[in-house]
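Spelled out from the first residue to the last, the chains are:
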Amino acid sequence: MLTTRRQALKTLTAAAIASTALGKIPAFAQAPAAAPAAAAKAPTGPFTLPPLPYAYDALEPHIDTETMHLHHDKHHGGYVNKLNEALAKEPTFVVAPGSNVDELLKNLAAVPESIRTAVRNQGGGHSNHSLFWQTLAAKGSAPTGAFAKALEAELGGLEKFKETAAKAGAGVFGSGWVWLVLDGSKKLVVLTQPNQDSPLLEGHYPLFGIDVWEHAYYLKYHNLRADYITALWNIVNWDFISQRYDAAMKA
Ligand code: MN3
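Throughout this description, residue numbers start from 1 for each chain and increase along the sequence as written. Local features in a predicted model are, by the rule used here, given only for residues with pLDDT of at least 70; side-chain atom pairs are given and counted only at 80 or more, and totals for whole chains, interfaces and linings are based on all residues.

Here the focus is the overall build of the chain. The number of helices and strands found in the chain is 10 helices and three strands. A residue is called partly exposed when the number of other C-beta atoms within 10 Å of its own lies between 12 and 20, exposed at 12 or fewer, and buried at 20 or more, with C-beta atoms placed from the backbone. Taken across its 251 residues, the chain has 27% of its residues classed as buried. For the chain, restricting intrachain contacts to residue pairs at least 6 apart in sequence, the fraction spanning at least 24 positions comes to 67%. Counting from the N terminus, the helices are the DSSP runs of H or I reaching at least four residues and the strands are the DSSP runs of E reaching at least two. Each residue gets a C-beta atom placed from its backbone, and two residues are in contact if those atoms lie within 7 Å.

Moving on: the pairing of strand S3 (residues 205-211). Summarising burial for S3: seven of the seven residues are buried, a large majority. Across six bridges, the pairing between strand S1 (residues 176-182) and S3 is antiparallel. Considered in S3, the bridge of Trp-179 is made with Gly-209. Criterion used throughout: strands pair if DSSP finds at least two bridges between them.

Let us look at the environment of Ala-165. Inspection of the secondary structure puts Ala-165 in helix H7 (residues 158-171). Look past the residues within four positions of Ala-165 in its chain and what remains in contact with it is Val-178, Val-190 and Ile-210.

Before going further, it helps to examine the sheet that holds S3. Spatially, three strands are ordered S2-S1-S3 in an open sheet, and the strand pairing comes out antiparallel. Taken across any chain shown, the strands that pair with only one partner, and hence form the sheet edges, are strand S2 (188-194) and S3. Strand-to-strand twist of the sheet, defined as the mean angle between neighbouring strand axes without regard to direction, takes the value 25 degrees. Angles here are taken between N-to-C directions and fall from 0 to 180 degrees, while the axes themselves are lines fitted to C-alpha atoms, restricted in helices to the stretch in contact. Most of the contacts of H7 go to S2, to which it runs at about 15 degrees, and overall it touches S1, S2 and S3. Against the sheet, helix H10 (residues 238-250) touches S1 and S3, its axis set at about 155 degrees to S3.

Under the convention used throughout, the expected extent of a helix is 1.5 Å for every residue step, that is, one less than its residue count. With 22 residues, helix H5 (residues 113-134) should cover 32 Å at 1.5 Å per step; its first-to-last C-alpha distance of 31 Å lies within 8% of that length. Working definition for bend: take the seven residues up to and ending at a residue and the seven starting at it, fit an axis to each, and measure the angle between the axes. In the structure, H5 departs most strongly from a straight axis at Val-119, where the bend amounts to approximately 35 degrees. Residues of H5 that are buried sit in contact with helix H3 (65-88), helix H4 (101-106), S1 and S3.

For the pair H7 and helix H9 (residues 225-232), interaxial distance at closest approach is 10 Å and the crossing angle is 150 degrees. Judged by the angle between their axes, H7 and H9 are roughly antiparallel. When the axes of H7 and H9 are compared, the crossing they make is right-handed. Here Ala-166, Gly-169 and Ala-170 of H7 come into contact with H9, specifically with Arg-225, Ala-226 and Ile-229. When the residues that make up the contact of H7 with H9 are grouped by side-chain class, the tally is four nonpolar, one polar and one charged. Roughly parallel means an angle under 35 degrees; roughly antiparallel means over 145; roughly perpendicular covers 65 to 115; every other angle is labelled oblique. Each crossing gets its handedness from the near helix: less than a right angle anticlockwise from the far helix is left-handed, clockwise is right-handed. When residues are sorted by character, Ala, Val, Leu, Ile, Met, Phe, Trp, Tyr, Cys and Pro go into the nonpolar class, Asp, Glu, Lys and Arg into the charged class, and all the rest, Gly among them, into the polar class.

Known as pLDDT, the predictor's confidence for each residue is given on a scale from 0 to 100. The share of residues in the chain with pLDDT of 70 or more is 84%, and the mean pLDDT across the chain is 88. Low pLDDT, under 50, characterises residues 1-35; the stretch is placed with 17 contacts to residues that sit more than four places away or in other chains.

The next thing to look at is the nonpolar core. To count as a nonpolar core, a set of buried Ala, Val, Leu, Ile, Met, Phe, Trp, Tyr and Cys residues must be joined through C-beta atoms within 7 Å. Membership of the largest hydrophobic core comes to 29 residues, with the highest contact counts inside it found for Val-178, Val-181, Leu-207, Ile-210 and Ile-241. Of all the elements in the fold, those that place two or more residues in this core are helix H6 (145-155), H7, S1, S3, H9 and H10. The dominant element in this core, judged by the number of residues it contributes, is S1, at six residues. Judged by nonpolar contacts, the second largest core, of 12 residues, contains Phe-47, Tyr-79, Leu-83 and Leu-87.

What follows is about the environment of Gly-176. For Gly-176, the position within the fold is in strand S1. Taking the C-alpha atoms as reference points, Gly-176 and Ser-198, 22 residues apart in sequence, are found 9.9 Å from one another. Each residue touching Gly-176, except ones within four places of it in the same chain, is listed here: Thr-192, Gln-193, Pro-194, Asn-195 and Val-212.

The subject of this paragraph is the pairing of S1. Among the seven residues in S1, seven count as buried, and that is most of the element. Sheet topology note: the S1/S2 ladder contains seven bridges and is antiparallel. Residue pairing in the sheet places Leu-180 in a bridge with Val-190 of S2. Taking the residues that link successive antiparallel strands as the turn, the S1-S2 hairpin has five residues, and the phi of Lys-186 there is positive, at about 60 degrees.

Shown next, in the form of structure tokens:
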């Protein structure tokens, strides 16, 4: 392997020198040595990392810039890459570029067994984080319209929800999420899920999730998960969540 690469590099260098001598621009992209490097690269699809809907420092001081870089680029990016890598192992199971990962999770049984756990974990991570970024904003808001009414009637209102969610978050052992979902009968429910398990796996529709993995808060809050959750209330995009509720109720 090493020898082959070294030889290929030598060949490339010789070719580059030769074509330069002839006054041509070396065509590196088509050079033989480029092929093994390209083949070793991770697949770039069908899923891609969506950009943050705001600047990395937008959620300061509640979520620090460094955490946002690591959390979005490395953690969320890692889920996307590993999801693509898993799918590449089953080329007969075709997922079109631009597909919604949520559809994959809702139909997990249709995913080949050899990659099902990877899709559950990495696909769950991609779905959960894609929603998470959208449910936060530099300036928090308040629940509105039908969602505000339902929150009041079904979960005792915003303050009561915050209490319930904080308690649930404290109770997650290890890594997981606290979720506000619509259940099968379109009622608001607070639940927790371990790891990156999406509520979609159980037929629930996620409206808002609190990521209680240590990677979400450890740099700034260290072991104080409760302080992170308290700070999060300042930056929840309830406008987005209210609209998501409306859309789900109409669907
Ligand atoms: Mn996370």
